Amino acid sequence: MAALSVSQLSMSWMALLSYLDKSGLKNGLALLGFLWAANVSIKFAFNFLVGLRIHVLSQLTKRKDLALKYGGKWAVVTGASEGIGKAFACELARTGMNIVLMSRSTQKMEKVAEAIEKEFKVQTRIIQVDFGLQDVYANISSSLEGLEIGILVNNVGVMYDYPQYFLDVPDKKLYDLINVNMTSVIMMTRIVLPHMCKRKRGAIINMSSSAGLLPTPQIAAYAATKEFVDSFSRALAYEYSSQGVEVQSLRPFYIATAMTYGTKPNVFVPSPETYVKNALRTLELSTRNTGYWNHEIQALFLGFCPEWLWMWGGSILNQQIRRNVLKTRR
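As a starting point, this report considers the structure included with it. (Residues numbered from 1 in each chain as written. Predicted model: local features only at pLDDT ≥ 70, side-chain atom pairs only at ≥ 80, totals over all residues. Heavy atoms only, no water.)

**Concerning the overall build of the protein chain**
For step 1, the next point in the chain: Each helix and strand counted, the protein chain has eleven helices and seven strands in total.
For step 2, the next point in the chain: Expressed as a percentage of contacts within the protein chain between residues at least 6 apart in sequence, the contacts between residues at least 24 apart total 73%.
For step 3, the next point in the chain: For the protein chain, the accessible surface area stands at approximately 18,100 Å², while carbon and sulfur atoms represent 61% of it. (Helix = DSSP H or I, 4+ residues; strand = E, 2+ residues; numbered from the N terminus. Contact = heavy atoms within 4.5 Å. Areas by Shrake-Rupley, 256 points an atom, 1.4 Å probe, with all protein chains shown as cover.)

Printed below as a string of structure tokens:
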């Protein structure tokens, strides 16, 4: 019976091909297939060349004076006590900019500020702030008053303690995801942007994430907040480009920080310092990229990944991460 079914299927397929050939549809379908393949190839080649320009050629050019270009001697970095934020603070100080560090831990910021002043001979200020609260922005605004801010880095963020299904995430964590990952970006931009528009110069770097490229199970709320950051950044870049203000959305994959559950640096996972050195070079060249050459390659191939496959693979990966994290906590 099975053999008969296969035989019938084969005959039906041959009959279909014969019909398409006689009717001329076969050539039409072949043409459609060719056009689809050409479209995919052209997009791939274009994105590859753009990535080459952003991540390779940018590393070969001489670094510009960022304070002069963006019209302010000060850079403000949120979440600056460790990880990516600390790396941004140090790298911007390396270019000669004064740094305002903002974070929850005064003790950690004092150590970072001391190291920056000693190594790079620039000024620093620290603002202790819990971005999980919504009543902190009046104080931040008054603390920044009078500073010519050329660059704002909206880096502060929170992540799940480990991947979880949505109903297992505590309410406090969900509010933190909203306030820290989203509200802080809006309100810090609201504080700094008017002065940049007045000077017709400035740059805002917003840390999004590749987790928001497609829906990601078991970090659903986190991924959604990062997709918000990307969407907000792109719209803002369009609105204020005529005002001389650059708004950039960075969408990295894994970086070796505390938020990635102890992942060690490797060829696919850069250290915060390596990532930021690469990402900062892309500022003038791109309003939206991953910030790192290897991540850009990953994003290029991910563009061909169907949503169901991404969610299936992401779910398996996050289940494994959850098991590993819980195992280490026993």
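**Concerning the side chain of T95**
For step 1, the next point in the chain: Tracing the backbone through its elements, the reader meets T95 in the loop between α4 (83-94) and β2 (98-103).
For step 2, the next point in the chain: Here L92 takes part through its backbone oxygen, which lies 2.6 Å from a polar atom of the side chain of T95.
For step 3, the next point in the chain: Excluding anything up to four places from it in sequence, T95 contacts R63 and L66. (Polar contact = N/O pair within 3.5 Å; in protein donor to acceptor, adjacent residues only side chain to side chain.)

**Brief notes about the environment of P215**
For step 1, the next point in the chain: For P215, the location among the structural elements is in the loop between β5 (202-207) and α8 (220-240).
For step 2, the next point in the chain: Overall, the relative accessible area of 42% leaves P215 in the partly exposed class.
For step 3, the next point in the chain: Taking C-alpha positions, P215 is 8.1 Å from W310, a pair spaced 95 residues apart along the chain.
For step 4, the next point in the chain: With residues near it in sequence (within four places) discarded, P215 still touches E307, W310 and M311. (Buried < 20%, exposed > 50% of the residue type's maximum accessible area, 1.4 Å probe, protein only.)

**A few points about a nonpolar patch on the surface**
For step 1, the next point in the chain: A surface patch of nonpolar side chains, about 510 Å² in accessible area, is lined by V267, F268, W293, I297 and F301.
For step 2, the next point in the chain: Within the secondary structure, F268 is located in the loop between β6 (245-250) and α9 (272-281). (Patch = residues over 30% accessible without salt bridge, like charges linked within 9 Å, V, L, I, M, F, W, Y side chains within 5 Å. Salt bridge = Lys/Arg side-chain N within 4 Å of Asp/Glu carboxyl O.)

**A look at unusual backbone geometry**
For step 1, the next point in the chain: Phi at K121 takes a positive value of approximately 55 degrees, unusual for a residue other than glycine.
For step 2, the next point in the chain: Within the secondary structure, K121 sits in the loop between α5 (106-120) and β3 (124-128).
For step 3, the next point in the chain: Of note, Q218 is a non-glycine position whose phi angle comes to about 75 degrees, a positive value.
For step 4, the next point in the chain: For Q218, a relative accessible area of 3% puts it in the buried group.

**Observations regarding the nonpolar core**
Side chains of nonpolar character tend, in soluble globular proteins, to be buried together.
For step 1, the next point in the chain: Counting 34 residues, the largest nonpolar core has F88, L92, L101, I116, I151, I205 and Y275 as its most contacted members.
For step 2, the next point in the chain: Elements with a contribution of two residues or more to this core: α3 (66-69), β1 (74-78), α4, β2, α5, β4 (149-154), β5 and α9.
For step 3, the next point in the chain: Looking at this core, the element that brings in the most residues is α4, giving six residues.
For step 4, the next point in the chain: What F88 contacts, discounting residues up to four positions off in sequence, is V77, V153, I205, M207, L250, V276 and L280.
For step 5, the next point in the chain: Counting residues in hydrophobic clusters, the runner-up holds 27 residues, among them W74, V76, I149 and M188. (Core = buried A, V, L, I, M, F, W, Y, C linked by side-chain atoms within 4.5 Å.)

**A few points about the side chain of N289**
For step 1, the next point in the chain: As for its position among the elements, N289 is in strand β7 (residues 288-289).
For step 2, the next point in the chain: Among the polar contacts listed, one links the side chain of N289 to the backbone nitrogen of G291, at a separation of 2.6 Å.

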